[in-house]
Amino acid sequence: QSGQTLVFDKRVHPAIRLGIFLVSLFPLLAPYELLFKIRWESYFNPSFFISLFFSIIMVAASAFVMFIALFAQNQHVCFDGDRSTLTYGWSDAVRAYRETIYRFEEISEPELETHTWSDSPNSYDLLVKTRSGLKISFGDFASKEKAQDYQEILAEIISRSRHPESSREDAQGVDTGQRVV
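Only a predicted model underlies this, so the values are computations on that prediction, with no experimental measurement involved. (Residues numbered from 1 in each chain as written. Predicted model: local features only at pLDDT ≥ 70, side-chain atom pairs only at ≥ 80, totals over all residues. Heavy atoms only, no water.)

Peer 1: Is there a simple way to explain the overall build of the chain in this structure?
Peer 2: Along the chain, the regular secondary structure elements total five helices and eight strands. The N-to-C order of helical and strand elements in the chain reads β-α-α-α-β-β-β-β-β-β-α-α-β. Sequence-distant contacts in the chain: of pairs separated by 6 or more residues, those separated by 24 or more amount to 53%. Accessible surface, the chain: about 11,500 Å² in total, of which carbon and sulfur atoms supply 59%. (Helix = DSSP H or I, 4+ residues; strand = E, 2+ residues; numbered from the N terminus. Contact = heavy atoms within 4.5 Å. Areas by Shrake-Rupley, 256 points an atom, 1.4 Å probe, with all protein chains shown as cover.)

Peer 1: Is there a simple way to think about the sheet that holds strand β5 (residues 111–115) in this case?
Peer 2: Each strand in a sheet pairs with another by means of backbone hydrogen bonds, the pair being arranged parallel or else antiparallel. One open sheet holds the three strands; their spatial order is β5-β6-β7, and the pairing between them is antiparallel. Two strands bound the open sheet, and with one partner strand each, they are β5 and β7 (135–141). For this sheet, the mean angle separating the axes of adjacent strands, direction not counted, is 35°. Note that strand β6 (residues 123–129) and β7 share five bridges and pair antiparallel. Note that in β7 the partner of L127 across the bridge is S137. Across the sheet, helix α4 (residues 144–162) lies against β5, β6 and β7, angled at about 20° from β6, the strand it touches most. (Pairing = 2+ DSSP bridges. Axes fitted to C-alpha atoms, helices over the stretch in contact; angles between N-to-C directions.)

Peer 1: Teacher, can you tell me more about unusual backbone geometry here?
Peer 2: When glycine is set aside, most residues are seen to have a negative phi, and most peptide bonds are trans. Here the phi dihedral of S84 falls at roughly 55°; this positive angle occurs in a residue that is not glycine. You can call S84 buried: its relative accessible area is 10%. Residue D140 is not a glycine yet carries a positive backbone phi of 50°. Tracing the backbone through its elements, the reader meets D140 in strand β7. (Buried < 20%, exposed > 50% of the residue type's maximum accessible area, 1.4 Å probe, protein only.)

Peer 1: Help me understand helix α3 (residues 46–71) in this model?
Peer 2: The periodicity of an α-helix, 3.6 residues per turn, causes residues three or four places apart in sequence to face the same way. When the terminal C-alpha atoms of α3 are compared, their 37 Å separation across 26 residues agrees well with the 38 Å that a helix rising 1.5 Å per residue should span. Looking only at α3, the buried set comprises F48, S51, S55, S62 and A69. N-capping of α3 is provided by N45, with a side-chain oxygen placed 3.1 Å from the backbone N of S47. (Expected span 1.5 Å × (residues − 1). Polar contact = N/O pair within 3.5 Å; in protein donor to acceptor, adjacent residues only side chain to side chain.)

Structure (structure tokens):
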């Protein structure tokens, strides 16, 4: 039996990651300008406490953006119909690539996940759940129709793998190539 391989990759380019990190340093100018550059005669006055308050907010904002730059995940999701496996891999700037392989029997049928945004159109992901409870979300589609098309393709790959005897009859005319999304 020959099945399909469908790959979903989501990567954060290192230049984008570096740019986000450099932007995260900008808010640190506020504490420098407000607390260290000024020679305070007394630390017990309203001006100092206002400066301290804004400095704490800027340090927190900087730390948050640094966190995004360092821990934004690269993701690799591969459905291999020939081996009846889902390979889920991820990494970020701090942690090395990690990969887990699940048999199709260990995952649910793909579900459509809708993300509703107040200021832009909805976006759509596909979602599978493992027996251990892990939710693997992938795809990031702009249109519901395209997400549903890939949901059907994945359901067919998984079904064909779970029921190989019935898929032999349906295999004529089926594209069995590899697709990368």
